[in-house]
There are 2 protein chains.
Amino acid sequence: MTPSKADIKLIKSLDKKKFRNLHGLFIIEGEKLLEEALNSGIEVKKVFKREEIGAELMSRISLLSSPSPVVAIAKMPFEKPFEAPDKEELYLALESIKDPGNMGTIIRMAEWFGVKAIYCSPDCVDIYNPKVVQSTMGSLFRVKVSYIELEELVVMAKKSIPVYGTFMDGKNIYQTKLPKGALVIMGSESHGISPQLEKRISEKIHIPSFYKKRSGIDSLNVAIATSVVCSEFKRQSVFG
Amino acid sequence: MTPSKADIKLIKSLDKKKFRNLHGLFIIEGEKLLEEALNSGIEVKKVFKREEIGAELMSRISLLSSPSPVVAIAKMPFEKPFEAPDKEELYLALESIKDPGNMGTIIRMAEWFGVKAIYCSPDCVDIYNPKVVQSTMGSLFRVKVSYIELEELVVMAKKSIPVYGTFMDGKNIYQTKLPKGALVIMGSESHGISPQLEKRISEKIHIPSFYKKRSGIDSLNVAIATSVVCSEFKRQSVFG
């Protein structure tokens, strides 16, 4: 279909979180991503195809620097913010993750490692930010992600599973017996886990570094650290 | 110092690989990154500071969208393309990795996991691309990275260490005894490892997925996969 002036205005507004939340809508670009959204039961309101509307109009409505052949307006699914955790499952909590690429990569990786749900602090980047949507490669439609105050989350989660967090002075993750069911908190790259959350954590863990020479590196990218932690939790519980 | 017209022209040209290679120079932005370059013995030709030249001129010479307070012109260090591998060390080979963010993240992670050297196929993104330089967070100045034809590399490396590659039909990495010294090849996200390289590999490995439901995800981001592989190699050889 051809987008009306109102459609164009709406699509452009959906680049901003404020308007996504106001309308409860977000943008999906690309054929494969749209197919994955439809397969996952995402309600798609309108679809605009380059072959129907032409490249010029497409480049006007696309939010990407290289416009894809399809732009769709989709409805945000409702996610319950919290459900009592399963004692056999792995959960992630992300505190103040601001970078859309990191958020998208974490959601995609979480699906691969069978993470049951991801909880984000309210100041994390919005998961319906177009850059996050694109970089999840469709995992966004299959992984449960919600926003919640992490202090509340930790209090509730600790009734059923232990809560882990990564710290420089934590125990070596490779030499710690990790449980099957756990909530793992990952802090922001610049500030780590906040002191308010730190005091509620059951166990501090750490990914050791393996360099020999004096080195200037003091941290891993947060998506990388999250993946290594998930890999080690799953390795121990499934193949350990 | 105040940049001359020729300096400004040179800096702008260094956004392109062709001119970086022509001059043997690249750009470093940011105080911390410059400090790490100097600490690592990188030869810095010229430094321009916002406090000296003003914000307007700084925004003209900066290659970043948010100009940093310091822009420096540095000399590319010479790296021997290949040295006989140490039988106790881990090496990475990257085939056709095009995304600067992935390349930067891999170089940073490689330092953390004590990777001895990274070999890139000639069609990988240039490591002196400003986006790569920034995203390595200084690891670029401490990790040995060079460009080489990977088929030649594999032939030479196999004289001292086994060569691993990740494939969908590879052995479960968590259930495979991994050696201390190895060269691991990581293929591009879109095409994986090329058939020419595949036939020269000693052992195929695979990071298994852990999701239970039918899923649409068929791969991990290449930087994530590389990290999980390095983590598992190091875990086994140091803590296994």
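Because the structure is predicted, anything quoted here is derived from the model rather than measured.

1. Things to note about the overall build of chain A
Next, step 1: Scanning chain A from N- to C-terminus turns up 10 helices and nine strands.
Next, step 2: Relative to the globule expectation of 18 Å for 240 residues, the C-alpha radius of gyration of chain A, 20 Å, shows essentially globular dimensions.
Next, step 3: Expressed as lengths along the three principal axes of its C-alpha atoms, the size of chain A is roughly 60 × 45 × 35 Å.
Next, step 4: Scored against the burial criterion, the 240 residues of chain A give a buried share of 44%.

2. Some thoughts on the interface of chain A and chain B
For interface size, the figure often reported is the accessible area lost on association.
Next, step 1: In this complex, chain A contributes 33 residues to the contact, which on the side of chain B involves 33 residues.
Next, step 2: Looking at the side of chain A that touches chain B, the elements with two or more residues in it are helix H3 (31–39), helix H6 (100–112) and helix H10 (222–239) of chain A.
Next, step 3: Here the element with the most residues in the side of chain A that touches chain B is H10(A); it accounts for nine residues.

3. Some words on the relation of the copies chain A and chain B
Next, step 1: The transform that puts chain A on chain B rotates by 180 degrees and translates by 0.0 Å along the axis, for an RMSD of 0.0 Å. The transformation just described matches what one would write down for a two-fold rotation axis.
Next, step 2: Interface residue correspondence from chain A to chain B reaches 100%, placing this contact among same-surface, isologous pairings.

4. So, the environment of B:Asn39
Next, step 1: Mapping B:Asn39 onto the fold places it in helix H3 (residues 31–39).
Next, step 2: On a C-alpha basis, the gap between B:Asn39 and B:Arg142 in space is 9.6 Å, while along the polypeptide they are 103 residues apart.

5. Brief notes about the domain arrangement of chain A
Residue and element names in this part refer to chain A.
Next, step 1: Partitioning chain A into domains gives domain 1 (5–75) and domain 2 (90–239).
Next, step 2: For domain 1 versus domain 2, the separation of C-alpha centres amounts to 30 Å.
Next, step 3: On the domain 2 side, the residues contacting the 13 residues of domain 1 number nine residues.
Next, step 4: For the side of domain 1 that touches domain 2, the secondary structure elements donating two or more residues are helix H2 (17–23), strand E1 (25–29) and H3.
Next, step 5: The element best represented in the side of domain 1 that touches domain 2 is E1, accounting for four residues.
Next, step 6: Looking at the side of domain 1 that touches domain 2, its residues break down into seven nonpolar, one polar and five charged.

6. Examining the nonpolar core
Next, step 1: Counting residues in each nonpolar core, the largest one holds 144 residues, and the members touching the most others are A:Ala110, A:Ile118, A:Ile185, B:Ala110, B:Ile118 and B:Ile185.
Next, step 2: Setting aside its immediate chain neighbours within four residues, A:Ile185 contacts A:Ala93, A:Glu95, A:Leu150, A:Val163, A:Tyr164, A:Gly165, A:Ile193, A:Leu197 and A:Ile201.

7. Notes on helix H6 (residues 100–112) of chain B
All names here are of chain B.
Next, step 1: With 13 residues, H6 extends 19 Å between its outermost C-alpha atoms, agreeing within 8% with the 18 Å of an ideal straight helix rising 1.5 Å per residue.
Next, step 2: Most of H6 sits inside the fold, with 11 of its 13 residues counted as buried.
Next, step 3: At the exit of H6 stands Gly114, carrying a positive phi of roughly 65 degrees.

8. Some points on the pairing of strand E1 (residues 25–29) of chain B
All names here are of chain B.
Next, step 1: Judged by how many residues are buried, E1 sits mostly within the fold: five of five residues are covered.
Next, step 2: Neither face of E1 is exposed, since Leu25, Ile27 and Glu29 on one face and Phe26 and Ile28 on the opposite face are all buried.
Next, step 3: In terms of strand pairing, E1 meets strand E3 (residues 70–75) through five bridges, oriented antiparallel. Along E3, the bridge assignment pairs Leu25 with Lys75.

9. Notes on the confidence of the model for chain A
Next, step 1: For chain A, the average pLDDT comes to 94, and 99% of its residues sit at 70 or higher.
Next, step 2: Both confidence scores are given for the complex: pTM 0.94, ipTM 0.94.

10. Examining unusual backbone geometry
Next, step 1: In this structure, A:Met137 takes a positive phi of about 55 degrees despite not being glycine.
Next, step 2: Mapped onto the elements of the fold, A:Met137 is located in the loop between helix H7 (130–135) and strand E6 (144–147).
Next, step 3: In this structure, B:Ser96 takes a positive phi of about 55 degrees despite not being glycine.
Next, step 4: Tracing the sequence through the fold places B:Ser96 in the loop between strand E4 (90–94) and H6.
Next, step 5: C-beta crowding within 10 Å serves as the criterion here: with 21 such atoms nearby, B:Ser96 is assigned to the buried category.

11. Focus: the sheet that holds E3(B)
All names here are of chain B.
Next, step 1: Reading across from one edge, E1-E3-E2 is the order of the three strands in this open sheet, with antiparallel pairing throughout. Two strands bound the open sheet, and with one partner strand each, they are E1 and strand E2 (44–49). Direction aside, the axes of adjacent strands within the sheet are offset by 20 degrees on average.

12. So, helix H10 (residues 222–239) of chain B
Next, step 1: With 18 residues, H10(B) ought to run about 26 Å at 1.5 Å a step, and its terminal C-alpha atoms sit 25 Å apart, in line with that.
Next, step 2: In terms of burial, H10(B) is a largely internal element, 14 of the 18 residues being buried.

13. Points about the packing of H6(B) against H10(B)
Residues and elements named next belong to chain B.
Next, step 1: Packing of H6 against H10 brings their axes to within 9 Å, and their N-to-C directions diverge by 15 degrees. Considering their axes alone, H6 and H10 lie roughly parallel with respect to each other. The chirality of how H6 crosses H10 is right-handed. From H6, Asn102, Thr105, Ile106, Met109 and Ala110 reach across to H10, where they touch Val222, Ala223, Thr226, Ser227 and Cys230.
Next, step 2: Taken together, the residues of the contact of H6 with H10 sort by class into six nonpolar, four polar and no charged.

Basis of the calculations
- Residues numbered from 1 in each chain as written.
- Chains lettered and ligands numbered in written order.
- Predicted model: local features only at pLDDT ≥ 70, side-chain atom pairs only at ≥ 80, totals over all residues.
- Helix = DSSP H or I, 4+ residues; strand = E, 2+ residues; numbered from the N terminus.
- Rg over C-alpha atoms; globule rule 2.2 N^0.38 Å.
- Buried ≥ 20, exposed ≤ 12 C-beta atoms within 10 Å, placed from the backbone.
- Contact = placed C-beta atoms within 7 Å.
- Least-squares fit on C-alpha atoms with pLDDT ≥ 70 in both.
- Domains from an automatic or database assignment.
- Nonpolar A, V, L, I, M, F, W, Y, C, P; charged D, E, K, R; others polar.
- Core = buried A, V, L, I, M, F, W, Y, C linked by C-beta atoms within 7 Å.
- Expected span 1.5 Å × (residues − 1).
- Pairing = 2+ DSSP bridges.
- pLDDT = per-residue confidence, 0-100.
- Axes fitted to C-alpha atoms, helices over the stretch in contact; angles between N-to-C directions.
- Parallel < 35°, antiparallel > 145°, perpendicular 65-115°, else oblique.
- Left-handed = near helix turned anticlockwise from the far one by under 90°.

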